[in-house]
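Given next are the chains, with one letter for each unit.
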Amino acid sequence: GARRTRVRIRPTRWERSEVNREQRREFVRTHRTAVFGYGRKNDGPAQSIVYYVTDGDDLLVSTMGARAKAKAVDRLGKVSLCVLDEEWPPSYLVVYCDAKVETDPGAVVDLMMRIAGVMAGKEMPEAVRPMVEEGAKREGRVVLRLRPYQTFHSPPKHVHQASDVSEKLLHDLGASLPW
């Protein structure tokens, strides 16, 4: 089903050593929300919160074809996702992706059904598929297929109590790592 097992990468674990490739991939696989980022034609980068699902190594996002996210994917073919841990203290992992827009109506509806299941915490019954399909048509929905190629990891630091304010609170530089 759509219910995911939560993998909690504790900040102290991330602080001790570089997170290995499988831990980074597992973090992405077992979470559901991210900040979707892309370069705008003017002004600074655009960012919005999205739900996503995985398809093998690919990450899939549903959006309206007329929205700036889809237009940016067509224009640039590169985006980032800052995958968020929904528990406190926060952890995150930035994933850089090659991206493309897919318009196959069946794939669009399948993704919307999966995303609805992620939101609800349980798989959607087939009985709602016709309503999802109608919504996809009315909104001009598309699939954004994101193929990760690199991650950026910055070990989190967090103060839980006064004794945490010490040299161990000092930050290191983050690291770009291959997907």
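Predicted model, so just to flag it, every value in this text is computed and none were measured.

### Focus on the nonpolar core
F36 and L146 are the most contacted members of the largest nonpolar core, which totals 24 residues. Elements that contribute at least two residues to this core include exactly α2 (21-29), β1 (33-38), β2 (46-51), β4 (58-64), α3 (68-76), β5 (78-84), β6 (92-102) and β7 (141-153). In terms of residue count, β6 provides more of this core than any other element does, 4 residues in total. Residues in contact with L146, not counting those within four places in the same chain, are F36, D58, L59, V61, V79, L81, C97, D98 and A99.

### Let's talk about helix α4 (residues 105-120)
For α4, spanning 16 residues, the distance from its first C-alpha to its last is 23 Å, which sits close to the expected 22 Å at 1.5 Å a residue. The set of residues buried in α4 consists of V108, V109, L111, M112, M113, I115, G117 and V118. Buried residues along α4 sit against β2, β3 (53-55), β4, β6, α5 (129-139) and β7. Positive phi shows up at G121, right after α4, with a value of about 80°.

### Some details on the environment of L111
With respect to the element layout, L111 can be found in helix α4. Sequence-wise, L111 and V61 are 50 residues apart; in three dimensions their C-alpha atoms are separated by 7.8 Å. When near neighbours in sequence (up to four residues on either side) are disregarded, L111 contacts V53, L60, V61, S62 and V143.

### Points about the confidence of the model for the protein chain
Averaged over the protein chain, the pLDDT score is 87; the fraction of residues at 70 or greater is 85%. When the criterion is pLDDT under 50, residues 7-16 qualifies, and its contacts beyond four places in sequence or with other chains add up to 27 contacts.

### A word on the environment of F36
On the secondary structure map, F36 appears in strand β1. In the structure, F36 is positioned 15 residues away from Y51 in sequence and 9.3 Å away in space, judged by C-alpha atoms. In this structure F36 touches A46, Q47, S48, V50, V61, K69, V73, V79, S80, L81, L144 and L146, once residues within four positions along its chain are discounted.

### Examining the side chain of R141
Along the chain, the position of R141 falls in strand β7. A relative accessible area of 19% places R141 in the buried class. There is a polar contact of 2.8 Å between the side chain of R141 and the side chain of E139. When residues no more than four places from it in sequence are discounted, the contact partners of R141 are S62, T63, M64, G65, V108, M112 and A136.

### Brief notes about the packing of α4 against α5
Look at α4 against α5: their axes get within 9 Å of each other, and the N-to-C directions meet at 120°. Both α4 and α5 take part in a crossing whose hand is right-handed. Contacts from V108, V109, D110, M112 and M113 of α4 reach α5 at R129, V132, E133 and A136. Considered class by class, the residues forming the contact of α4 with α5 number 6 nonpolar, no polar and 3 charged.

### A few points about the pairing of β4
Within β4, 6 of the 7 residues are buried, which leaves it mostly tucked inside the rest of the structure. Bridge count for β3 against β4 is 3 bridges, and the pairing is antiparallel. If you follow V53 over to β4, its bridge partner there is L60. Here β4 pairs with β7 via 6 bridges, running antiparallel. Paired with L59 across the bridge in β7 is L146.

About the thresholds
Residues numbered from 1 in each chain as written. Predicted model: local features only at pLDDT ≥ 70, side-chain atom pairs only at ≥ 80, totals over all residues. Heavy atoms only, no water. Core = buried A, V, L, I, M, F, W, Y, C linked by side-chain atoms within 4.5 Å. Buried < 20%, exposed > 50% of the residue type's maximum accessible area, 1.4 Å probe, protein only. Helix = DSSP H or I, 4+ residues; strand = E, 2+ residues; numbered from the N terminus. Contact = heavy atoms within 4.5 Å. Expected span 1.5 Å × (residues − 1). pLDDT = per-residue confidence, 0-100. Polar contact = N/O pair within 3.5 Å; in protein donor to acceptor, adjacent residues only side chain to side chain. Axes fitted to C-alpha atoms, helices over the stretch in contact; angles between N-to-C directions. Left-handed = near helix turned anticlockwise from the far one by under 90°. Nonpolar A, V, L, I, M, F, W, Y, C, P; charged D, E, K, R; others polar. Pairing = 2+ DSSP bridges.

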